[in-house]
Amino acid sequence: LMHFISGAHNDALMAGLVVLGLLLAASHQAWLAVIVVTLAGSVKPVGLVALPFVGLLWAGANADWKQIIKRWVMVGVIAGAILLVLEVVTGTGVGWISALSTPGAVRTWLSPPTALAMLLGGIGHLFGLDVTDPLVTGVRLLSTLVLAMFLAWLCLRPQGRNPVRAAGLAFFALVVLGPVVQPWYLLWSLPIFAACGLKRVEFRIALIGSAGLTLFGLITSSATQDSLVQIPDLVAALIVAASLWFVLAVSPRERRLLLGDPEDDGTMPVDPPAIARARQLQMGDPSRPRLRAS
């Protein structure tokens, strides 16, 4: 309501198209799924991250590597053709590629890699060392490499994992390891996790993170101050931490909601139809030879 409705961010359209595309892929409408997810990427390029997982859903839970690669190639061809047509029709060309580096020009304390680099740079400044800029560049590069390896692992080691959940993990990793974070970036992955389920600890992280970023958004509209001592960021962070601590300290009901009970299983499927559906989408081992009917 705060960011997607009143804020009217284009992330809302992108996230909605990604969720629709994953639904179509899980419902065996793969061609339409690729088209919809590619349209999501045309709104905001980060949406294209869902395409490999659409390919996995298209290949099927028992697919071998030959089938998976075939589907990935088809996904790439369809998506490439759609993007080419859109570039010609809209006249934008490939300018969106150079625009991918724009977020890197912003520094935000909500981004863990950037925050770590600026914290280390601030400590170095106390000793007369001007190392903040190279530290930000270096830590961001390292986090990008870690992100690339994690995304590759999600795609190349799919066994035992639901591709829909893998897509949610991919978008979440983009936020945690990305160079810049805004509160509404959390909404890239939350709708996907809501569909595939979260374990107890994961659900608590989602609740506390959502509460914290919602409060942060109420206090300040941006998270792009690049100095810790600037009033908006510092005051916002302190108020958020104090508010969450106060609620947890005085309200047993809210404490149970945010921290959960020991027997709480999170939001994983519990009824037989939902469990069967989740297992149906779970990928097998592509390296294992498939049994063929004689």
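**A word on the pattern of salt bridges**
Logical step 1: Considering all chains together, one arrives at three salt bridges under this definition.
Logical step 2: Salt-bridge contacts for Arg-165 lead to Glu-202; the nearest nitrogen and oxygen are separated by 2.5 Å. With Arg-165 in helix 9 (residues 163-176) and Glu-202 in helix 11 (residues 200-219), this residue pair connects regions lying 37 residues apart in the sequence.
Logical step 3: The class of Arg-165 is buried, set by a relative accessible area of 17%.
Logical step 4: You can call Glu-202 partly exposed: its relative accessible area is 24%.
Logical step 5: We note a salt bridge from Glu-254 to Arg-253, for which the minimum N-O separation is 2.8 Å.

**Observations regarding the environment of Gln-159**
Logical step 1: Relative to the helices and strands, Gln-159 is located in the loop between helix 8 (132-156) and helix 9.
Logical step 2: Here the alpha-carbon distance between Gln-159 and Gly-284, two residues 125 residues apart in the chain, equals 4.7 Å.
Logical step 3: Sequence-distant contacts of Gln-159, that is, excluding residues within four places in its chain, are made with Met-283, Gly-284, Asp-285 and Pro-286.

**Observations concerning the side chain of His-3**
Logical step 1: With respect to the helices, strands and loops of the structure, His-3 is situated in helix 1 (residues 2-6).
Logical step 2: Not counting the four nearest positions on each side in its chain, His-3 is found in contact with Ala-8, His-9, Pro-183, Trp-184 and Leu-187.

**So, the confidence of the model for the protein chain**
Logical step 1: When pLDDT is averaged across the protein chain, the result is 85; 88% of the residues are at 70 or more.
Logical step 2: When mean pLDDT is compared element by element in the protein chain, helix 4 (residues 51-59) scores highest at 96, while helix 6 (residues 95-98) scores lowest at 63.

**Some points on the side chain of Lys-44**
Logical step 1: Its place among the elements puts Lys-44 in the loop between helix 3 (30-43) and helix 4.
Logical step 2: On the accessibility criterion, Lys-44 (18% relative accessible area) is buried.
Logical step 3: Apart from residues lying up to four places away in sequence, Lys-44 is in contact with Asn-10, Asp-11, Met-14, Tyr-185 and Trp-188.

**Regarding unusual backbone geometry**
Logical step 1: Unusually for a residue other than glycine, His-28 sits at a positive phi of about 65°.
Logical step 2: Inspection of the secondary structure puts His-28 in the loop between helix 2 (11-26) and helix 3.
Logical step 3: A residue is classified by how much of its surface remains accessible, and His-28, at 68% relative accessible area, is exposed.

**Details of the nonpolar core**
Logical step 1: If you look at the biggest cluster of nonpolar residues, it comprises 52 residues, and the most contacted ones within it are Val-18, Phe-53, Phe-171 and Trp-188.
Logical step 2: Among the secondary structure elements, those contributing two or more residues to this core are helix 2, helix 3, helix 4, helix 5 (65-90), helix 8, helix 9 and helix 10 (190-196).
Logical step 3: The element contributing the most residues to this core is helix 9, with eight residues.
Logical step 4: If we skip the residues at most four places from it in the chain, Val-18 touches Val-37, Ala-40, Gly-47, Ala-50, Phe-171 and Ile-192.

**A word on the packing of helix 2 against helix 3**
Logical step 1: Relative to each other, helix 2 and helix 3 sit at 165°, their axes nearing to 8 Å. Taken together, the axes of helix 2 and helix 3 lie roughly antiparallel to each other. Both helix 2 and helix 3 take part in a crossing whose hand is left-handed. From helix 2, Leu-13, Met-14, Leu-17, Val-18, Leu-20, Gly-21, Leu-24 and Ala-25 reach across to helix 3, where they touch Ala-30, Leu-32, Ala-33, Val-36, Val-37, Leu-39, Ala-40 and Val-43.
Logical step 2: Broken down by class, the residue content of the contact of helix 2 with helix 3 amounts to 15 nonpolar, one polar and no charged.

**A few points about the packing of aromatic side chains**
Logical step 1: The tally for this structure, following the rule as stated, stands at six aromatic pairs.
Logical step 2: Summarising the aromatic geometry, the rings of Trp-184 and Tyr-185 are spaced 6.1 Å apart at their centres and angled 85° between planes, so their arrangement reads as edge-to-face. In this pair, the class of Trp-184 matches that of Tyr-185, namely buried.
Logical step 3: For the pair Tyr-185 and Trp-188, a centre-to-centre distance of 4.4 Å together with 20° between the ring planes defines the contact as stacked.
Logical step 4: On the basis of relative accessibility, which here comes to 11%, the residue Tyr-185 falls in the buried class.
Logical step 5: What links up through ring pairs into an aromatic cluster is the set Trp-184, Tyr-185 and Trp-188.
Logical step 6: Directly above the ring of Trp-153 sits Arg-161, whose terminal nitrogen or CZ lies 4.3 Å from the centroid.

Reading the values: the criteria
Residues numbered from 1 in each chain as written. Predicted model: local features only at pLDDT ≥ 70, side-chain atom pairs only at ≥ 80, totals over all residues. Heavy atoms only, no water. Salt bridge = Lys/Arg side-chain N within 4 Å of Asp/Glu carboxyl O. Helix = DSSP H or I, 4+ residues; strand = E, 2+ residues; numbered from the N terminus. Buried < 20%, exposed > 50% of the residue type's maximum accessible area, 1.4 Å probe, protein only. Contact = heavy atoms within 4.5 Å. pLDDT = per-residue confidence, 0-100. Core = buried A, V, L, I, M, F, W, Y, C linked by side-chain atoms within 4.5 Å. Axes fitted to C-alpha atoms, helices over the stretch in contact; angles between N-to-C directions. Parallel < 35°, antiparallel > 145°, perpendicular 65-115°, else oblique. Left-handed = near helix turned anticlockwise from the far one by under 90°. Nonpolar A, V, L, I, M, F, W, Y, C, P; charged D, E, K, R; others polar. Phe/Tyr/Trp six-rings, centres within 6.5 Å; stacked < 30°, edge-to-face > 60°. Lys NZ or Arg CZ within 6 Å of the ring centre and 35° of its normal.

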